[in-house]
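The lines below spell out each chain.
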Amino acid sequence: MQGVTVVDHPLVQHKLTIMRDKETSTAGFRRLLREISLLLCYEVTRDLELTTRRIETPLQTIDAPTLEGKKLVFASVLRAGNGLLDGMLDLVPAARVAHVGLYRDHETLQAVEYFFKAPSDLENRLVIVVDPMLATANSAIAAIDKLKERGATNLRFLCLLAAPEGIQRFRSAHPDVPVFTASIDEKLNEKGYIVPGLGDAGDRMYGTK
Ligand code: PRP
Ligand code: URA
């Protein structure tokens, strides 16, 4: 599908299977999400542009590769986005962070905003929005709407699981935003859950219900 990358690395798929298993503990789920986020981060940043910087090794002066442009922004869709954010910051510690607080109203499935805080100069930075689940896409669309409103023009969306219906809606709303996911599952059920999915990502991460 155009604009959608499925990260089918064997380690990602192996870890995802354990996360889907309802017997996996809260601690195990959290640890696996952090581990997977390292691998997903590697993929979503694979084509970042490089420039060079002159350095002196102990033996010679060279023009060595270094990331070009301003620091990245990782935008975490609360709460569950934080499960991906932590690992991503391990790999890119200098990244700036935005938080977008949204919850899904369980009746209407609409995204309700309760918090927003982002760096002020989003226009000059690549913004990678992270949330493990893309179900109806209401949350992802609302998060990107808000970030664009605040000036972001160069965005990517990274999740763990996506429903085909969500991808379609997301791509129509924001065709300029590429999606990276570890899996496109079968469908959404009548309650808006991804099937087979892994349940409620936030609840499984934090042991709430
Ligand atoms: C989950 C998930 C996404 C959203 C996806 O969050 O982390 O943000 O649902 O569903 P959608 O594509 O239909 O909008 P939830 O609203 O349960 O909040 P939480 O992260 O605080 O648990
Ligand atoms: N949010 C989740 O956490 N899980 C789903 O399956 C759908 C939305």
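An unreviewed UniProt entry annotates the protein chain as Uracil phosphoribosyltransferase originating from Nitratireductor indicus C115. Its UniProt record gives the protein chain a comment under Pathway (unreviewed entry), which states: "Pyrimidine metabolism; UMP biosynthesis via salvage pathway; UMP from uracil: step 1/1." Looking at the Function (unreviewed entry) heading of the UniProt record, one finds this comment for the protein chain: "Catalyzes the conversion of uracil and 5-phospho-alpha-D-ribose 1-diphosphate (PRPP) to UMP and diphosphate."

A tally of regular secondary structure across the protein chain gives six helices and 14 strands. Its C-alpha atoms give the protein chain a radius of gyration of 18 Å, near enough to 17 Å, the size a compact globule of 209 residues would have. Seen along its three principal axes, the alpha-carbon backbone of the protein chain occupies a region of about 60 × 35 × 30 Å. Across the 209 residues of the protein chain, 35% fall into the buried class.

Further remarks concern the UniProt feature "domain: Phosphoribosyltransferase" (unreviewed entry) in the protein chain. UniProt annotation of "domain: Phosphoribosyltransferase" (unreviewed entry) refers to residues 6-208 when read in the numbering used here. Along residues 6-208, the helical share is 34% and the strand share 30%, with 29 Å between the first and last C-alpha atoms.

Turning next to the site of ligand 1. Near ligand 1, the surroundings consist of 24 residues, among which R104, A135, T136, S139 and G202 are the closest. Tallied by class, the residues present in the shell around ligand 1 amount to 14 nonpolar, six polar and four charged.

Thresholds, definitions, all that
Residues numbered from 1 in each chain as written. Chains lettered and ligands numbered in written order. Predicted model: local features only at pLDDT ≥ 70, side-chain atom pairs only at ≥ 80, totals over all residues. UniProt positions renumbered as here; feature names shortened; annotations may be inferred. Helix = DSSP H or I, 4+ residues; strand = E, 2+ residues; numbered from the N terminus. Rg over C-alpha atoms; globule rule 2.2 N^0.38 Å. Buried ≥ 20, exposed ≤ 12 C-beta atoms within 10 Å, placed from the backbone. Near = placed C-beta within 6 Å. Nonpolar A, V, L, I, M, F, W, Y, C, P; charged D, E, K, R; others polar.

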